[in-house]
Amino acid sequence: MTGKYPNTRLRRTRATAWSRALHRETMLTPADLIWPLFVTSGNGVEEPISSLPGVSRWSVDGIVARAKEAVDLGIPVIALFPNTPPDKRTDAGEEAHNPDNLMCTAIRAIKDACGDAIGVLTDVALDPYTSHGQDGLLDTKGYVTNDDTVAVLVDQAINQAEAGADIIAPSDMMDGRIHAIRMALEMGGHHNVQIMSYAAKYASAFYGPFRDAVGSRGLLKGDKKTYQMDPANGDEALREVELDIAEGADSVMVKPGLPYLDIVRRVRDAFGVPVFAYQVSGEYAMIEAASAAGAGDRDALVLETLLSFKRAGSSGVLTYHAPHAARLLNG
């Protein structure tokens, strides 16, 4: 502690708005936001998601319109998640490798419309494509296999890269998948395609509305605790992150967000790499519910929570509030 009252009055620099702005340690801008979007079949389709008020699934033409909106708002990246039709979901998730699936069709349409004005981040995992809702292939006992799943994820990642994805984001939590995907991208000539690894993804209770959005909640058999992390563990998260960096990740992600700000800070302090946080669907829904109940001002809640991610050391935030927050920040 430097100084002593009354020589030092910490309220002195808080007395006026200009002084608070001058001394502000953490800044939040639209450039810190990544906007997750859900792709569905059809044309001219918008399907509101009841458990995510204000969020919809969009057909590809609507996704393109959202991408243009993001450019106008100064949001640098959109993240895509498909709602695969039930008749295209199988035990092995073969639709993930279809070059004309919803994900790849949306990537090409966005790039045709926006070019490099916006980045496209794509999810790599099988849960939007499997009939059982798990992120990988199952053995005869229902256990999610690791190495066989990694081989399939590599094909999925290359499929997305060839469609024009800028950032591949494996969310499956299989061991060794970052190295395998990185080598495949290099061998395929995709040298500048980034990998943002879901390095510390927890088996969380906050994912429910997302599973509604991609149509996997009713399909999921069992849970994902054999591959997603135990919420009780912090040191293990650092091991996961260290491995993924060594295997070729350009950036890492902590998911969920607010309940794991301690992990964001520990990762940033330990490794000094770009760290992103995902303010997941359950967190979004809680803010919306609190606002609707009169428990807090929506605008203030949105900006304060997003600022907390930056203060904890996050380079950016994936959030369904991205367009609303960007409008508030743009003033």
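Computed from a prediction, not measured in an experiment: that's the story for all the values here. (Residues numbered from 1 in each chain as written. Predicted model: local features only at pLDDT ≥ 70, side-chain atom pairs only at ≥ 80, totals over all residues. Heavy atoms only, no water.)

A. Region of the structure containing the overall build of the chain. When helices and strands are counted, the chain shows eleven helices and ten strands. Radius of gyration (C-alpha) of the chain: 20 Å, near the 20 Å computed for a compact globule of 331 residues. Dimensions of the chain along its principal axes, counting C-alpha atoms only, are 70 × 45 × 40 Å. Counting all 331 residues of the chain, 54% fall into the buried class. Taking the intrachain contacts of the chain between residues at least 6 apart in sequence as the baseline, contacts between residues at least 24 apart amount to 74%. When the accessible surface of the chain is summed, it comes to about 14,700 Å², and 52% of that surface belongs to carbon and sulfur atoms. Taking the 32 positively charged and 43 negatively charged side chains of the chain as two groups, their mean positions are separated by 11 Å. (Helix = DSSP H or I, 4+ residues; strand = E, 2+ residues; numbered from the N terminus. Rg over C-alpha atoms; globule rule 2.2 N^0.38 Å. Buried < 20%, exposed > 50% of the residue type's maximum accessible area, 1.4 Å probe, protein only. Contact = heavy atoms within 4.5 Å. Areas by Shrake-Rupley, 256 points an atom, 1.4 Å probe, with all protein chains shown as cover. Lys, Arg positive; Asp, Glu negative; His and termini not counted. Charge placed at Lys NZ, Arg CZ, Asp CG, Glu CD.)

B. View of helix α8 (residues 261-271). Those residues of α8 not exposed but buried are Leu261, Ile263, Val264 and Val267. Taken down its axis, α8 places every buried residue within 160 degrees of arc, on the same side. Buried positions along α8 lie against β7 (194-201), α7 (235-247), β8 (251-255), β9 (275-279) and α10 (298-312). Looking one or two residues past α8, glycine 272 carries a phi angle of roughly 65 degrees, positive in sign. (Arc of directions from axis to C-beta.)

C. Examining the pairing of β7 more closely. Here β7 lies mainly inside the structure; seven of its eight residues are buried. For strand β6 (residues 167-170) and β7, the ladder comprises two bridges, and the chain directions are parallel. By the bridge assignment, isoleucine 168 is partnered in β7 with isoleucine 195. What joins β6 to β7 is helix α5 (residues 177-187), and the crossover it makes is right-handed. With five bridges connecting them, β7 and β8 associate as parallel partners. Within β8, the position partnered with tyrosine 198 by the bridge is methionine 253. (Pairing = 2+ DSSP bridges. Right-handed = clockwise from strand over helix to strand, strands pointing away.)

D. Summary view of empty space enclosed by the protein. Taken as a whole and judged by the stated rule, the model has two cavities of 30 Å³ or more. Size it by volume and the largest cavity reaches roughly 80 Å³. Lining of the largest cavity is provided by 13 residues; of these, Lys201, Tyr207, Phe210, Arg211 and Lys255 occupy positions nearest its centre. Residue composition of the lining of the largest cavity, grouped by class: five nonpolar, two polar and six charged. Roughly 50 Å³ of volume is contained in the second largest cavity. Surrounding the second largest cavity, Phe81, Asp123, Ala125, Asp127, Pro128, Asp135, Ser171, Tyr198, Lys201, Phe210 and Lys255 form its lining. (1 Å grid on protein atoms, 1.4 Å probe; cavity = no way out; pocket = protein on both sides within 12 Å on 5 of 7 lines; lining within 4 Å. Points joined across faces, edges and corners; volume = space filled by probe spheres on them. Nonpolar A, V, L, I, M, F, W, Y, C, P; charged D, E, K, R; others polar.)

E. Looking closely at the side chain of serine 51. Locating serine 51 in the fold gives a position in the loop between β2 (46-48) and β3 (56-58). A distance of 2.8 Å separates a polar atom in the side chain of serine 51 from a polar atom in the side chain of aspartate 212. With residues up to four places along the chain from it excluded, the contact list for serine 51 reads Pro209, Asp212 and Ala285. (Polar contact = N/O pair within 3.5 Å; in protein donor to acceptor, adjacent residues only side chain to side chain.)

F. Spatial organisation of the nonpolar core. Ranked by internal contacts, the top residues of the largest apolar core, which has 77 residues, are Ile78, Leu80, Ile110, Ile181, Ile263 and Leu306. Residues contacting isoleucine 110, with those up to four places away along its chain left out, are Ile63, Val64, Ala67, Ile78, Leu80, Gly115, Ile118 and Val120. By size, the runner-up hydrophobic cluster in this structure holds 24 residues, among which are Phe38, Val55, Phe81 and Phe276. (Core = buried A, V, L, I, M, F, W, Y, C linked by side-chain atoms within 4.5 Å.)

G. Expanded view of a positive patch on the surface. Taken together, the side chains of Arg9, Arg11, Arg12 and Arg14 make up a positively charged region of the molecular surface. With respect to the element layout, arginine 12 can be found in the segment before α1 (17-22). Overall, the relative accessible area of 46% leaves arginine 12 in the partly exposed class. (Patch = residues over 30% accessible without salt bridge, like charges linked within 9 Å, V, L, I, M, F, W, Y side chains within 5 Å. Salt bridge = Lys/Arg side-chain N within 4 Å of Asp/Glu carboxyl O.)

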